[in-house]
Amino acid sequence: MNSLNEQSTLVGHPHFHYKDGVLHAENVALDRLTTQLGTPLYVYSRAALAQAWARYRDAIGERPVLVCFGMKANSNLAVLKEFARLGAGFDIVSGGELHRVLTVGGDPAKIVFSGVGKQVWEIRAALDADVKCFNVESQAELQRISDVAHAMGRRARVSLRVNPDVDAQTHPYISTGLKENKFGIAIESALDAYRTAAALPGVEIVGVDCHIGSQLTDISPYFDALEKLLDLIDQLAQNGITIRHLDLGGGLGIRYTDEVPPSPKALLDQVFERLQARGLDHLHLVLEPGRSLVGNAGVLLTTVQYLKHAEARNFAIVDAAMNDLMRPALYDAYHGVQPVVPRKGVAEQYDIVGPVCESADWLARNRSLSVQAGDVLALESAGAYAMTMASNYNTRARAAEVMVDGDKHYVVRQRETLDDLLRGESMLP
Ligand code: LLP
């Protein structure tokens, strides 16, 4: 896709635009950054993070909503600190993520702890930190949390993650609210599970939780889930179980190609309308957005190493690979590709592939580009589930990360060194 004219903004990417024929993040020219720092390089825009946050903040207004950033999307400390500073809470799924939030001074009273496999040490650490709530995904986990808390002389605040059996109409790997998914407690068994919880000594029921999937481009599945959860909350009230908050999870999509994702305001307005209609507008709401807060705030820069014109296809072999950006290999995901310094020449069709020894190591397919070896390409929408899913496959060092702020840039994660990769390993004596 080489259709950009030289003054345009990357579609869907606030604060990434062409100036004087060079792609910039805010006021920083990305060709200069890569000369200085090399590639592959993740570049985030601080202003884009703030803008994504403001969409939620403005949509919320005075309504009682806590936004807990689904930090699995991007857990760089600089990103977390930025959201903490803006007032975000965090949705964590591991003791490791808790450690990151505490490291940046995030407020434990705004942490919700999700995930199907919480271990004893993680439960202890979260109780020590005094997190807001555990989102409990099974009866067995409920029992374990109660036991751990009780032994510590504590009561853990819990929500049960209910699986409402709705189809989020997204990629099957990121759809989580269907019966066949491993997540949550089936809506039919939820009342029983709440009754069990109410009788346990180590837990205090505070909420109801669900998360139906990710990259939702239509909001109607949220309302299918909401109605079921509100029915449950009514039933719980009849059973003497009072719910203080309703957690609707994350899931709002972003723009990768031509999606027109629903806005936080569209979601919130309708949710509150329905709460009001059901006489439940005293409930506090929790949201756990990940992708929609960071996805369009970052790009991955990569340098073309070789062009290969094979019989069936043309390949641009770049220095980023599936270990840097796994989404195409794993979900067949689409990431736009733009040259950092567009060329005037005739465009050809290319597959953008990495050096890893797997046929799944592709980043983009069939893109029309005018490109030469040595050119730097930007893979779009790489702020979410990109660096956090990176690995060291093929003994490749993970990329550096940079945060741009106006005309300044900060390296917020050093490029790994080869020695970093060997650290902790040893040979037999
Ligand atoms: N809450 C829970 C319990 C979740 O499991 C997730 C994402 C979120 C919140 C945040 O959802 P978001 O707002 O980002 O849609 N690696 C995949 C996405 C996996 C999503 C996992 N859960 C991808 O690259 O598309």
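Reading guide: rules and limits
Residues numbered from 1 in each chain as written. Predicted model: local features only at pLDDT ≥ 70, side-chain atom pairs only at ≥ 80, totals over all residues. Heavy atoms only, no water. Helix = DSSP H or I, 4+ residues; strand = E, 2+ residues; numbered from the N terminus. Rg over C-alpha atoms; globule rule 2.2 N^0.38 Å. Buried < 20%, exposed > 50% of the residue type's maximum accessible area, 1.4 Å probe, protein only. Contact = heavy atoms within 4.5 Å. Expected span 1.5 Å × (residues − 1). Core = buried A, V, L, I, M, F, W, Y, C linked by side-chain atoms within 4.5 Å. Domains from an automatic or database assignment. Buried area = accessible area lost by both parts, 1.4 Å probe. Salt bridge = Lys/Arg side-chain N within 4 Å of Asp/Glu carboxyl O. Polar contact = N/O pair within 3.5 Å; in protein donor to acceptor, adjacent residues only side chain to side chain. Nonpolar A, V, L, I, M, F, W, Y, C, P; charged D, E, K, R; others polar. Pairing = 2+ DSSP bridges. Axes fitted to C-alpha atoms, helices over the stretch in contact; angles between N-to-C directions. Parallel < 35°, antiparallel > 145°, perpendicular 65-115°, else oblique. Left-handed = near helix turned anticlockwise from the far one by under 90°.

S.K.: Which parts of the structure should I look at to understand the overall build of the chain?
M.R.: Assigned secondary structure in the chain consists of 12 helices and 21 strands. Over its C-alpha trace the chain gives a radius of gyration of 23 Å, about what one expects of a compact globule, namely 22 Å for 429 residues. When its C-alpha atoms are laid out on the principal axes, the chain stretches across 70 × 65 × 40 Å. Burial statistics for the chain: of 429 residues in total, 55% are counted as buried. Restricting to contacts in the chain with at least 6 residues of sequence separation, those with at least 24 account for 70%.

S.K.: Explain helix H8 (residues 220-238) to me, please; I cannot follow it from the model alone.
M.R.: Along an α-helix, residues three or four positions apart point the same way, because every turn accommodates 3.6 residues. Counted at 1.5 Å a residue, the expected span for H8 with its 19 residues is 27 Å, and the 28 Å between its end C-alpha atoms agrees. The complete set of buried residues in H8 reads Pro-221, Tyr-222, Phe-223, Ala-225, Leu-226, Leu-229, Leu-230, Leu-232, Ile-233 and Leu-236. Against strand E9 (156-163), helix H7 (187-199), strand E11 (203-209), strand E12 (245-247) and helix H9 (264-277) lie the buried residues of H8. Once H8 finishes, Gly-240 follows within two positions and takes phi at roughly 75°, a positive value.

S.K.: Sorry, what's going on with the nonpolar core here?
M.R.: Nonpolar side chains tend to gather and get buried jointly when the protein is soluble and globular. Phe-83, Phe-134, Val-208, Leu-246 and Ile-352 are the most contacted members of the largest nonpolar core, which totals 109 residues. Broken down by element, the residue count for this core peaks at 9 residues, all from H8. Taken together, domain 1 (9-45 + 295-422) and domain 2 (114-289) each give at least three residues to this core, which thus spans both. Excluding residues that lie within four positions of it along the chain, Phe-134 makes contacts with Phe-113, Lys-118, Ile-123, Ala-126, Leu-127, Ile-145, Ala-156, Arg-157, Val-158 and Ser-159. Ala-25, Val-28, Leu-30 and Leu-41 belong to the second-largest nonpolar core, a separate cluster that totals 20 residues.

S.K.: Honestly, the domain arrangement of the chain in this entry has me stumped. Any pointers?
M.R.: Considered domain by domain, the chain is made up of domain 1 (9-45 + 295-422) and domain 2 (114-289). One C-alpha centre belongs to domain 1, the other to domain 2, and the line joining them spans 36 Å. In this assembly, 12 residues from domain 1 lie in contact with 8 residues from domain 2. Between domain 1 and domain 2, a total of about 860 Å² is buried, with carbon and sulfur atoms accounting for 62% of that surface. The interface formed by domain 1 and domain 2 contains 0 salt bridges. Our enumeration of links across domain 1 and domain 2 arrives at 2 residue pairs in polar contact (both at pLDDT 80 or more). In terms of residue class, the side of domain 1 that touches domain 2 is built from 5 nonpolar, 6 polar and 1 charged.

S.K.: Explanation requested: the sheet that holds strand E2 (residues 22-25) in the structure shown.
M.R.: Working definition: the strands of a sheet are paired by backbone hydrogen bonds and lie parallel or antiparallel to each other. Overall, antiparallel pairing links the 3 strands, which are arranged E1-E2-E3 in an open sheet. In this open sheet, the two edge strands, each paired with only one partner strand, are strand E1 (16-19) and strand E3 (28-29). In this sheet, E2 lies alongside E1 in antiparallel orientation, the contact comprising 4 bridges. When the sheet's bridge partners are listed, Phe-16 is paired in E2 with Ala-25.

S.K.: I would appreciate a short explanation of the packing of H7 against H8 in the present structure.
M.R.: When two helices pack together, you describe them by how their axes are tilted relative to each other and by the distance separating the axes. Relative to each other, H7 and H8 sit at 30°, their axes nearing to 11 Å. Judged by the angle between their axes, H7 and H8 are roughly parallel. As for the relative orientation of H7 and H8, their crossing is right-handed in sense. Between H7, through Ile-187, Ala-190, Leu-191 and Tyr-194, and H8, the contact on the second element is made entirely by Lys-228, Leu-229, Leu-232, Gln-235 and Leu-236. In terms of residue class, the contact of H7 with H8 is made up of 7 nonpolar, 1 polar and 1 charged.

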